[in-house]
Amino acid sequence: MSFFDQDLLISGLKEGEKLGASYVELRYQDKYLANFRYRNGELTSTTGSREGICVRVLIDGSWGLSATNKTSEREIEESVQSAAKLAKNSAPYKDSKVELAEIEIIEETAISPRKKHLKELSTEEKLKMIIDAAKVTENMQLIKSLTINYNEVIDNRMIVTNEGTRVSWTDMKPTLMAYAVAMEEGKMASGYTSWSHTCGAEFFDLHPMDEVVEESAQKALKLVKASLPPSGLSNLLLDQQLVGVFAHEAIGHTAEADLVQLGSFTQGKLNQKVCDENITIIDSPVLEGSKWMGAGWLPFDDEGVRGKTTHIIKDGIMTGYLTNRALAAELGIEVTGNARAYTFNDEPIVRMRNTYIKSGDMTFEELCESIGNGYYLKSLQNGQADSSGEFMFGAVECYEIKKAEITEVLYQNPVLTGNAFEVLNSILGVGKDFDTNLGAGFCGKEQPAKVDAGGPHLAVKAMLAGGK
Amino acid sequence: MESEYETKSSLLDLAHRVLKYADNKAITSAEVFFHLRKNTQVMTEGQSISTERSTSELGFAVRILNKEVEGFSYSNKTDMNALKSCVDEAVDITHVAPIKPGLKFPIPSKYSQIDGRFTNSVAEVTIEEMIDSAKLVLEPMRKAKVSVRTNLSKIETSENAFGIVNSLGVEGFSRSNCLEGNFLAVAREGEKVGSFVFDSFYTHDTSQVDFLNFGEVLTSRAIRNLNAVTPPSIDSDVVIFSKNSVFQPLFFVIAHSIRADSVEQARSMWKDKLADSVAIESFNLIDDSHNPNAGSGCKPFDDEGNKTQKTSIINNGVLKTFIFDELRANKMDTKSTGNSWRGLGGMRFIQPPSEIFPNAPHILPGDMSTEEIHGDVKLGIIFEYFSGSFRVENGIFSGVAKGAQLIRNGELAEPLTNVSIGGNVFDVLNNITGLSKETQLTGGFLTTPLIRTKGVKISTQK
């Protein structure tokens, strides 16, 4: 790959070793972003790119990191010197020396899967698509506001280390979001639809913009007539998007090795039963077998480690944590390739990629049977979780289920709460279907990360909070 | 140490050269904005210092107006050729983008420098002093009888320089620095796991921070959470919003409702409420843009070059004004209040000035001591942050009250977990029963007292 001169980075490795570093890593990144946002007749367009170098060195078991957007040979050398100085500074204050787990040293390049490069469609064509899609709501009297946000990221990364790692890749991710607000008799409600994958311009065929806008508007129109949901412990059928956020937020974060070390619920739980045996949760660098390539596509991580598929929970047993090299060494477990940095000036930290619950064997009808009387929750609004597994997910739609039938009775914006491990210990059923879509969202843990998540429909018993 | 290309004159000189190149294109007007940020961070992990980080980035943004059509592009490649490409890209976009009626650049104004935003106190902090400070924060955790650990926590010094020039003669430059701390801690004792506990500080005067005390409070809050209980029910509707829970959901809904774009596009519940009562009489909100003790948004000019100001937004419960950027002011036939933002965080050159938000919001204090705020409560809860959903359009919120504690007979009682709250922000503002005298800066941005309110639904997950 020719987006940056690898030899320039390699020259920094020598400087780091000269300064006494046992490990030297240089990461180059050039991130192009285009964002087109339509809001109520106004279109704001942004294009640009940021490039830079991040140097990490390990000296006497201590990390030093220096990052800059200046990329000449002299400036790279200065960055290495700065990182070395910082590492030496903090070494006396460390409780224990950082060690790195052994890895397979690789020299590889990769390009994210795509049928057509995103830039094969011009800016003009993309803007026209947005303007045309906005016309969908023109005759919907109750729709008072419409936002369409399309962005595309083309991310070039190159990593070299003094261990011999030489990795580079180009990643391409389009994201589309439509947000409509309906108003009737003083009441307001919003509808939201979003998609993001790792792919090229074929994205627009998978998710035609006018259909995405139509869906968000129809949601708003339905929800403006809906009342707030009841609260209390209920049987709940969750759609795949909510199951995905459940896997990511409530379970996945507790299995990130840094949070395990912090004291999360899963600490000390390896090889122990933590939930129902029908539950298997996986974090994967490349999502195979899905309708689309997950937005968390990451063949190598930002330490140059080849990504491994990790079973976090297998048949109800806690089987794996997500690691970077230092935490894998500290815990004496496998390196999984989960060290990620968002921009060149971020430090790689443990993050998820594509996280999902594995499909079971129940049909949708059988899941409704298992619910009996309860609610069907659809579409993600937001979600958060705690170290203990306590979670909160905001959904958009909530349909009442009566005698195993989904009714027309619709409530707006239900909020689901509870403890994830308790909920997964009392599941009512796991669907045989599967989909991934974490929408336009990012995971936020010190720095953003593009991730994906999904699973089958899942029937659970959990608490609806707030409401009426 | 400031390198030559980072001086005020060199940065403005480069911006002017880019502007000159842009002005030579057949366009109406152009604007060049830049942001330079340098950070030094001491990270902590567990009870120890982890990585030391040093980062620096300089980037430029070019905005072109061709009549009322806008083109925008940015780059952090700071050689003239790269920046010329940036101009060309922005000009190209003006050929395909639709018009934005009312879009203009601000005209020149006199900017008052704000003293106290760049201090030697911060500029002279050494990495060794930062390490010592971090050790002081960690010390109470190391002495605790149970495990209390940190993750992704840091003490950092940062320096930010912003500048803007445009074809109409605007030229602004502002430099500030600060010392910040952001900590996340969790306590664990055997199988008992506490909740995440967050705390932060933000200052331009390093002598204002008592690092040991900060660590002691953080540690005790983390340990307190270990023994949190979930009562079968809490038969009360009294809630005290503290720390970040004021910012979200309360302030976020208010901020959306006062934005002129929300008003003009009928997305604000307050669109017809100007000069009406929207909160209890003792509720006052100002945007205190020039107060050096305010948070990170204090600045002499906004992100499109309009002069910032002190704005009384809600006075004695009455909505006095909305907040404006240049576009919305032109569309609504008024003047900008200097509230244009290029995104609400991170490197500001990567976005055009398309957001409207308060700069340095301050909810004015009331007349009650903290003890009095608690003292009148027979049964209720106080909580620190909100984990849930809220709708900026209609004010409805629902979610979990984190860092919650029961108040019984005027006294702080047992810590709580699995407690949910639900209500409507617009109702909350009219049901406030107490505002504390003491205020605090939350998230380095919003200055607020404790806010006690009734009418919030409290439920438990038992």
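As the structure is a prediction and not an experimental result, all values here were calculated from the model. (Residues numbered from 1 in each chain as written. Chains lettered and ligands numbered in written order. Predicted model: local features only at pLDDT ≥ 70, side-chain atom pairs only at ≥ 80, totals over all residues. Heavy atoms only, no water.)

### Considerations on the overall build of chain B
When you go through chain B residue by residue, the secondary structure sums to 10 helices and 23 strands. Relative to the globule expectation of 23 Å for 462 residues, the C-alpha radius of gyration of chain B, 24 Å, shows essentially globular dimensions. Seen through its principal axes, chain B has C-alpha atoms that stretch 70 × 55 × 35 Å. Counting all 462 residues of chain B, 63% fall into the buried class. (Helix = DSSP H or I, 4+ residues; strand = E, 2+ residues; numbered from the N terminus. Rg over C-alpha atoms; globule rule 2.2 N^0.38 Å. Buried < 20%, exposed > 50% of the residue type's maximum accessible area, 1.4 Å probe, protein only.)

### Quick word on the overall build of chain A
Check the secondary structure of chain A and you find 10 helices and 24 strands. The C-alpha radius of gyration of chain A comes to 24 Å, within 12% of the 23 Å expected for a compact globule of 468 residues. Overall, the C-alpha framework of chain A stretches about 70 × 55 × 35 Å when taken along its three principal axes. Intrachain contacts of chain A at a sequence separation of at least 6 include 75% that bridge at least 24 residues. Seen as two clouds, the 48 positive and the 67 negative side-chain charges of chain A have centres 2 Å apart. (Contact = heavy atoms within 4.5 Å. Lys, Arg positive; Asp, Glu negative; His and termini not counted. Charge placed at Lys NZ, Arg CZ, Asp CG, Glu CD.)

### Focus: the environment of A:Tyr179
Relative to the helices and strands, A:Tyr179 is located in strand E6 (residues 166–184). Considered as a pair, A:Tyr179 and A:Tyr192 are 13 residues apart in the sequence and their alpha carbons are 4.6 Å apart. Excluding residues within four positions of it along the chain, A:Tyr179 makes contact with A:Ser145, A:Leu146, A:Thr147, A:Ser190, A:Gly191, A:Tyr192, A:Ser216, B:Arg391 and B:Glu393. Within the local environment of A:Tyr179, its side chain forms a polar contact with the side chain of B:Glu393, the two groups lying 2.6 Å apart. (Polar contact = N/O pair within 3.5 Å; in protein donor to acceptor, adjacent residues only side chain to side chain.)

### Overview of the domain arrangement of chain B
Residue and element names in this part refer to chain B. What the domain assignment lists for chain B is domain 1 (4–223) and domain 2 (228–462). A C-alpha centroid distance of 23 Å is found between domain 1 and domain 2. Taken together, the contact pairs 41 residues of domain 1 with 37 residues of domain 2. Taken over both partners, the interface formed by domain 1 and domain 2 buries close to 3200 Å², and the fraction arising from carbon and sulfur atoms is 62%. Contact with domain 2 buries surface across domain 1, with Ile 114, Arg 117 and Tyr 202 losing the most and accounting together for 17% of the total. Where domain 1 meets domain 2, there are 4 salt bridges. Between Glu 304 and Arg 63 there is a salt bridge whose closest N-O contact spans 3.7 Å. Viewed at the interface, domain 2 and domain 1 are joined by 9 residue pairs in polar contact (both at pLDDT 80 or more). (Domains from an automatic or database assignment. Buried area = accessible area lost by both parts, 1.4 Å probe. Salt bridge = Lys/Arg side-chain N within 4 Å of Asp/Glu carboxyl O.)

### A short note on the packing of aromatic side chains
Taken as a whole and assessed by the stated rule, the structure comprises 40 aromatic pairs over all chains. Geometrically, the ring pair formed by A:Phe246 and A:Phe391 is edge-to-face, given 5.1 Å between the ring centres and 70° between the ring planes. In this pair, A:Phe246 sits in helix H6 (residues 240–252) while A:Phe391 sits in strand E16 (residues 390–402), placing the two residues 145 residues apart along the sequence. Looking at A:Phe391, the relative accessible area reads 2%, which means it is buried. With a centroid separation of 5.1 Å and an interplanar angle of 90°, the aromatic rings of B:Phe201 and B:Phe214 are classed as edge-to-face. Of the two residues, B:Phe201 sits in strand E7 (residues 197–203) while B:Phe214 sits in helix H5 (residues 211–226), which places them 13 residues apart along the sequence. A network of ring pairs unites the aromatic residues B:Phe247, B:Phe251, B:Phe252, B:Trp341, B:Phe357, B:Phe390 and B:Phe445 as a single cluster. Directly above the aromatic system of A:Tyr342 lies the positively charged group of A:Lys31, at a separation of 3.4 Å from the ring centroid. One cation-aromatic arrangement involves A:Lys269 over A:Phe265; the distance from NZ or CZ to the ring centre is 4.6 Å. (Phe/Tyr/Trp six-rings, centres within 6.5 Å; stacked < 30°, edge-to-face > 60°. Lys NZ or Arg CZ within 6 Å of the ring centre and 35° of its normal.)

### Observations regarding the sheet that holds strand E23 (residues 457–460) of chain B
All names here are of chain B. One open sheet holds the 4 strands; their spatial order is E16-E17-E20-E23, and the pairing between them is antiparallel. Sheet topology places strand E16 (385–390) and E23 at the edges, where each strand pairs with a single neighbour. Neighbour-to-neighbour, the strand axes of the sheet open up by a mean angle of 25°, direction not taken into account. Pairing between strand E17 (residues 396–402) and strand E20 (residues 419–424): 5 bridges, direction antiparallel. For Ser 398, the partnering residue across the bridge sits in E20 and is Gly 422. (Pairing = 2+ DSSP bridges. Axes fitted to C-alpha atoms, helices over the stretch in contact; angles between N-to-C directions.)

### Focus on the packing of helix H2 (residues 73–90) of chain A against helix H4 (residues 127–143) of chain B
Close contact between H2(A) and H4(B) brings their axes to 11 Å; oriented N to C, the two are set at 40°. By the angle class used here, H2(A) and H4(B) are oblique. The element H2(A) and its partner H4(B) pack so that their crossing is right-handed. The segment H2(A) lies against H4(B), with A:Leu86, A:Asn89 and A:Ser90 engaging B:Ile127, B:Glu128 and B:Ile131. (Parallel < 35°, antiparallel > 145°, perpendicular 65-115°, else oblique. Left-handed = near helix turned anticlockwise from the far one by under 90°.)

### Describing unusual backbone geometry
The amide bond that connects B:Gln248 to the next residue, B:Pro249, takes the cis arrangement and shows omega of 20°. On the secondary structure map, B:Pro249 appears in helix H6 (residues 244–258). Phi is positive for A:Ala404, close to 70°, though the residue is something other than glycine. Examined against the element boundaries, A:Ala404 turns out to sit in the loop between E16 and strand E17 (405–412). Using a relative accessible area of 14% as the deciding quantity, one classes A:Ala404 as buried. In this model, A:Asn413 sits at a positive phi of 50°, which is unusual for a non-glycine residue. Note on placement: A:Asn413 falls in the loop between E17 and strand E18 (415–419).

### Digging into the domain arrangement of chain A
Residues and elements named next belong to chain A. Once the domains are mapped, chain A shows domain 1 (6–223) and domain 2 (232–465). Here the C-alpha centre of domain 2 lies 22 Å away from the C-alpha centre of domain 1. Opposite the 55 residues of domain 1 that make contact, domain 2 presents 43 residues. Regarding the contact of domain 1 and domain 2, the summed buried area is about 3900 Å², with carbon and sulfur atoms giving 58% of it. Counting the contacts that link domain 1 with domain 2 gives 6 salt bridges. Measuring nitrogen to oxygen at the nearest pair gives 2.9 Å for the salt bridge that ties Glu 303 to Arg 56. At the junction of domain 1 and domain 2, the tally comes to 23 residue pairs in polar contact (both at pLDDT 80 or more). Breaking the side of domain 1 that touches domain 2 down by element, the ones donating at least two residues are strand E1 (23–39), strand E2 (42–59), strand E3 (62–68), strand E4 (107–111), strand E5 (143–161), E6, strand E7 (187–196) and helix H5 (209–223). For the side of domain 1 that touches domain 2, the element with the highest residue contribution is E6, accounting for 8 residues.

### Brief notes about the sheet that holds strand E23 (residues 452–455) of chain A
Read from one edge to the other, the open sheet built from 6 strands follows the order E11-E10-E9-E14-E23-E20 (chain A), with strand pairing classed as mixed. Each edge of the sheet is formed by a strand with only one pairing partner; in this case those strands are strand E11 (317–318) and strand E20 (435–436) of chain A.

### Side note on the interface of chain A and chain B
With 79 residues of chain A at the contact, the number on the chain B side is 86 residues. Taking both sides of the interface into account, the surface hidden between chain A and chain B amounts to around 6900 Å²; carbon and sulfur atoms contribute 47%. The interface formed by chain A and chain B includes 13 salt bridges. A salt bridge links A:Glu347 to B:Arg53; its shortest N-O distance comes to 2.7 Å. One can count 48 residue pairs in polar contact (both at pLDDT 80 or more) joining chain A with chain B. Split by residue class, the side of chain A that touches chain B holds 24 nonpolar, 36 polar and 19 charged. With 5 bridges connecting them, E3(A) and strand E2 (residues 48–66) of chain B associate as parallel partners. The residue of E2(B) that forms the bridge with A:Thr68 is B:Ser56. (Nonpolar A, V, L, I, M, F, W, Y, C, P; charged D, E, K, R; others polar.)

### Remarks on the pairing of strand E21 (residues 432–442) of chain B
Residues and elements named next belong to chain B. As defined by bridge partners, E21 adjoins strand E22 (residues 446–453) across 7 bridges and the pair is classed as antiparallel. From the neighbouring strand, Gly 434 faces E22, where its bridge partner is Arg 452. The turn joining E21 and E22, which pair antiparallel and follow one another in sequence, is formed by 3 residues; a positive phi near 60° is taken by Gly 443.

### Focus: the pattern of salt bridges
Residues and elements named next belong to chain A. Following the criterion strictly, the structure yields 59 salt bridges over all chains and no others. Arg 74 serves as the salt-bridge partner of Glu 75, at 4.0 Å between the closest nitrogen and oxygen. By relative accessible area, Glu 75 is classed as buried at 19%. In this structure, Lys 135 engages Asp 132 in a salt bridge whose closest nitrogen and oxygen atoms are separated by 3.4 Å.

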